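Residues per chain, in single letters:
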Amino acid sequence: MIGASAGNHAQALAYCAALEGIDALLVMWRDASPAKVAATRGYGAEVDLEADGPAVLFDRLEQLVEETGRTRIDPFEGPALVVGQGTVGLEIGEDVPDVDVVVVPVGGGGLVAGIATALPGVRVVGAEPVLANALSAALDAGEPVKIHPRSVADGLNAPFAGELALQIVRERSVEVVTVEEQEIEAAMRLLYERAKLACEPAGAAAVAGLMTGKVAVEPGARVVCVVSGGNVAAETAAAILARP
């Protein structure tokens, strides 16, 4: 198998491939998080770091698919992927059956599309970095467009949004807000200090949307923030946590 990722999808594929005895090649960019690269290799996968950045990551992926003939498993596109990520929505529905609002970090859109599908009738809001606004750009253009993401929330640095995700987001009237870098970092500090959650910046994006008031909610509303992603280099986390 082969996949492209900032590192979280890469680790998941590497781990599952190891369980099944399948050879895995994961495509990441040259200055991807060293911790995520090391973890992916630690699960037994080969890692390709030839891409200069997230904007050209999928060009490198397509090149290697053609050269190797490996089965491609995308991080945020395709029915199976969206259904799988939608199981997060099913868990939310089971744990909080009267939930009013679910706020979800957004990269390529697979997770928010899956959750919106799994929770019909629930207000779902996507929160994405201003510096990695692939879904917002796609909604504005009416189709996926390539961007050059550069957010500290590297797990959300998708170079474009998935076509299926875009379709579902429109059909389900999913709202999308954008959050600034400093807002993401502030949310990460809050989660660490108050909730005792060691998340990465990408995992804090939903909380950032709520903290800033960009996701407006009625008093007494039952709100769930998806905090997805805890793979962050110690030095990155330390630098963010040390800021006032």
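Please refer to the structure placed before this passage.
Here's a quick rundown of the structure. All figures in this text were calculated on a predicted structure; none of them were measured in a lab. (Residues numbered from 1 in each chain as written. Predicted model: local features only at pLDDT ≥ 70, side-chain atom pairs only at ≥ 80, totals over all residues. Heavy atoms only, no water.)

**Structural notes on the pairing of strand β4 (residues 101-105)**
Taken across its five residues, β4 has five buried, putting it largely inside the fold. Inspection of the sheet shows β4 paired to strand β5 (residues 123-129) by five bridges, in the parallel sense. Counterpart to proline 105 in the pairing with β5 is alanine 127. Bridge analysis of β4 against strand β7 (residues 223-225) gives three bridges, and the strand direction is parallel. (Buried < 20%, exposed > 50% of the residue type's maximum accessible area, 1.4 Å probe, protein only. Helix = DSSP H or I, 4+ residues; strand = E, 2+ residues; numbered from the N terminus. Pairing = 2+ DSSP bridges.)

**Some points on the packing of aromatic side chains**
Taken as a whole and judged by the stated rule, the model has four aromatic pairs. Through a chain of ring-to-ring contacts, the aromatic side chains of Phe58, Phe76 and Phe160 assemble into a single cluster. (Phe/Tyr/Trp six-rings, centres within 6.5 Å; stacked < 30°, edge-to-face > 60°.)

**Quick word on the sheet that holds strand β3 (residues 46-51)**
Spatial strand order, β1-β2-β3: three strands in an open sheet with parallel pairing. In the strand order of this sheet, the two ends are held by β1 (2-4) and β3, each with one partner. Put simply, the sheet's adjacent strands are angled 25° from each other on average, direction ignored. Taken strand by strand, helix α1 (residues 8-20) contacts β1 and β2 (25-29), and its axis lies near 165° from that of β2. Relative to β3, helix α2 (residues 34-42) is tilted by about 145°, and along the sheet it contacts β2 and β3. (Axes fitted to C-alpha atoms, helices over the stretch in contact; angles between N-to-C directions. Contact = heavy atoms within 4.5 Å.)

**Overview of the sheet that holds β4**
Taken together, four strands build an open sheet; the order of strands is β6-β5-β4-β7 and the sheet is parallel. Both edges of this open sheet fall to β6 (175-179) and β7, since each of them pairs with a single strand only. Strand-to-strand, the axes of this sheet are offset by a mean angle of 20°, without reference to chain direction. For β5 and β6, the ladder comprises five bridges, and the chain directions are parallel. Opposite proline 129, over in β6, you have valine 179 as the bridge partner. Sheet contacts for helix α5 (residues 110-118): β4 and β5; angle to β4, the most-contacted strand, approximately 160°. Across the sheet, helix α6 (residues 134-141) is in contact with β5 and β6; its angle to β6 comes to roughly 130°.

**Some remarks on the pairing of β2**
Within β2, five of the five residues are buried, which leaves the element mostly enclosed by the surrounding structure. The two faces of β2 match: Leu25, Val27 and Trp29 on one face and Leu26 and Met28 on the other face are all buried. Here β1 pairs with β2 via three bridges, running parallel. Across the sheet, alanine 4 pairs through a bridge with valine 27, a residue of β2. For the crossover from β1 across α1 to β2, the handedness is right-handed. Sheet topology places β2 next to β3; four bridges connect them, and they run parallel. Considered in β3, the bridge of leucine 26 is made with valine 47. On the question of chirality, the crossover connecting β2 to the parallel β3 by way of α2 is right-handed. (Right-handed = clockwise from strand over helix to strand, strands pointing away.)

**Focus on unusual backbone geometry**
One non-glycine residue, serine 173, adopts positive backbone phi at about 55°. Relative to the elements of secondary structure, serine 173 occurs in the loop between α7 (163-171) and β6. Positive phi is not limited to glycine here, since lysine 196 has a value of about 60°. The class of lysine 196 is exposed, set by a relative accessible area of 64%.

**Focus on helix α8 (residues 181-193)**
For α8, with 13 residues, the first-to-last C-alpha span of 18 Å sits near the 18 Å given by 1.5 Å per residue. All of the buried residues in α8 are Glu181, Glu183, Ile184, Glu185, Ala187, Met188, Arg189 and Leu191. Contacts from the buried residues of α8 go to β5, β6, α9 (205-211) and α10 (234-242). (Expected span 1.5 Å × (residues − 1).)

By themselves, these observations are geometric and do not establish any function.
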